Amino acid sequence: MTNTTQQTTNDTNSSTVLVTGATGKTGRRVARVLAEHGARVRAGSRAGATRFDWEDPATWGPALDGADAAYVNYYPDLAAPGAVEAVRGFGELALAHGVRRVTLLSGRGEPEAVAAEEALRATGVELTVVRAAFFAQNFDEGLLAEGVAAGTIAFPAGDTGEPFIDADDLAEVIVATLLQDGHAGLVHEVTGPRVLTFAEVAGELSRAAGHEVVYVPMSEAEFAGLLGGFGLPEPEAVWLAGLFATLLDGHNASVTDGVKRVLGREPRDFTAYAERAFGAEA
């Protein structure tokens, strides 16, 4: 299945799409690409014009009212306690409001996330699931950005490899599933084109940024302690460290052709991301 400008344009003439988490790493990219294709974007966030808060179900119905499709980016993660109940409730509301198409961002290789996927699918919405690898942009926009800027990547990944996905590729895949026919019922697993260890990532970032970035492997417990030192409550720090340790135990160390199957092109390489994010022109 490939993406064409003509097909996308035809499908978006009358589409109104709710984007949950519209100010986040993926949400703002999805909103931008949707707008580029002519869709009407309803940007849902806790403080925006369209209020949407996963912790306040009273905001869900008004945000869904009049929408044709929705991008579901559950916070903090589909593997978190309460996610199954939340996405099930969202799906039931979406169906009641006549939303015909839903795309769910899920984690690749997360058994707990599959339960949330199934709960949303069981509501009867026209569901597409996009399971993503670890985002390349976590090194300049997210959890690891401060450490990278200081020259250190401290993380519980050992020497495990990961096929990092460029968030811009992910956004384009998500938009295709929202605006084109033929994706309902499918699960797309998307990765970058090659597997890199975190030590290799540090080398890529060092070359792009022009200063040394070193990978420092940590145990799960050490990483939880590090997160706690940054002010994260202990239960959340322990849960998040456990999630990363599970995802980076080696079972995700392979690439897929998901980006090519949806977009008709190869995914962006990590080197291109590093040069764009950390190079002299950044």
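So, how was this worked out
Residues numbered from 1 in each chain as written. Predicted model: local features only at pLDDT ≥ 70, side-chain atom pairs only at ≥ 80, totals over all residues. Heavy atoms only, no water. Salt bridge = Lys/Arg side-chain N within 4 Å of Asp/Glu carboxyl O. Helix = DSSP H or I, 4+ residues; strand = E, 2+ residues; numbered from the N terminus. Buried < 20%, exposed > 50% of the residue type's maximum accessible area, 1.4 Å probe, protein only. Pairing = 2+ DSSP bridges. Contact = heavy atoms within 4.5 Å. Axes fitted to C-alpha atoms, helices over the stretch in contact; angles between N-to-C directions. pLDDT = per-residue confidence, 0-100. Polar contact = N/O pair within 3.5 Å; in protein donor to acceptor, adjacent residues only side chain to side chain. Right-handed = clockwise from strand over helix to strand, strands pointing away. Parallel < 35°, antiparallel > 145°, perpendicular 65-115°, else oblique. Left-handed = near helix turned anticlockwise from the far one by under 90°. Nonpolar A, V, L, I, M, F, W, Y, C, P; charged D, E, K, R; others polar.

1. Structural notes on the pattern of salt bridges
Note on pairing: side chains with opposite charge can pair once their charged atoms come close.
Logical step 1: A complete count under the given rule lists 22 salt bridges for this structure.
Logical step 2: Between R268 and E172 there is a salt bridge, and its shortest N-O distance comes to 3.3 Å. With R268 in the loop between α11 (258-263) and α12 (270-278) and E172 in helix α7 (residues 167-179), this pair connects stretches of sequence that are 96 residues apart.
Logical step 3: Judged by relative accessible area, which is 24%, E172 ranks as partly exposed.

2. Observations regarding unusual backbone geometry
Logical step 1: Each neighbour pair has its own omega, and for Y75 with P76 the value is 10 degrees, a cis peptide bond.
Logical step 2: On the secondary structure map, P76 appears in the loop between β4 (69-72) and α4 (83-96).

3. Details of the sheet that holds strand β3 (residues 50-51)
Logical step 1: Spatially, β3-β2-β1-β4-β5-β6-β9 is the arrangement adopted by the 7 strands of the open sheet, whose pairing is parallel. The open sheet has two free edges, formed respectively by β3 and β9 (187-190), since each of these has just one partner strand.
Logical step 2: With 6 bridges joining them, strand β5 (residues 101-107) and strand β6 (residues 127-132) adopt parallel strand pairing. When the sheet's bridge partners are listed, V102 is paired in β6 with L127.
Logical step 3: Packed on one face of the sheet, helix α2 (residues 27-36) meets β1 (16-19), β2 (40-45) and β4 and runs near 170 degrees to β1.
Logical step 4: Together, β1, β4, β5, β6 and β9 form the strand contacts of α7, whose direction differs from that of β5 by roughly 150 degrees.

4. Section: the confidence of the model for the protein
Logical step 1: Mean pLDDT for the protein: 93, with 94% of residues reaching 70 or above.
Logical step 2: Across residues 1-13, where pLDDT falls below 50, the model places 31 contacts with residues more than four positions away in sequence or in other chains.

5. Examining the side chain of S106
Logical step 1: Here S106 is to be found in strand β5.
Logical step 2: Reaching out from S106, the side chain makes a polar contact with the side chain of E117 at a distance of 2.6 Å.
Logical step 3: Sequence-distant contacts of S106, defined by excluding residues within four places in its chain, comprise L78, A113, E117, V129, V130, R131 and A132.

6. Side note on the pairing of β5
Logical step 1: For β5, a buried count of 7 out of 7 residues is recorded, marking the element as mostly surrounded by other parts of the structure.
Logical step 2: Of the two faces of β5, the one carrying R101, T103, L105 and G107 and the one carrying V102, L104 and S106 are both buried.
Logical step 3: Relative to β5, β4 is paired through 4 bridges, and the arrangement is parallel. Following the sheet pairing, A69 is matched in β5 by R101.
Logical step 4: Following the chain from β4 across α4 to the adjacent parallel β5, one finds a crossover that is right-handed.
Logical step 5: For the crossover that starts at β5, traverses helix α5 (residues 111-121) and ends in the parallel β6, the hand is right-handed.

7. What to know about the packing of helix α9 (residues 220-229) against helix α10 (residues 234-247)
Logical step 1: With their axes 8 Å apart at the nearest point, α9 and α10 run at an angle of 135 degrees to one another. Viewed along their axes, α9 and α10 adopt a mutual orientation that is oblique. In this structure, α9 meets α10 at a crossing whose hand is right-handed. On α10, the residues touching E220, F223, A224, L227 and G228 of α9 are A237, V238, L240, A241, G242, F244 and A245.
Logical step 2: Residue composition of the contact of α9 with α10, grouped by class: 9 nonpolar, 2 polar and 1 charged.

8. Remarks on the pairing of β2
Logical step 1: Bridging between β1 and β2 involves 4 bridges; their strand directions are parallel. For V19, the partnering residue across the bridge sits in β2 and is A43.
Logical step 2: Taken together, β1, α2 and β2 constitute a β-α-β crossover, and its handedness is right-handed.

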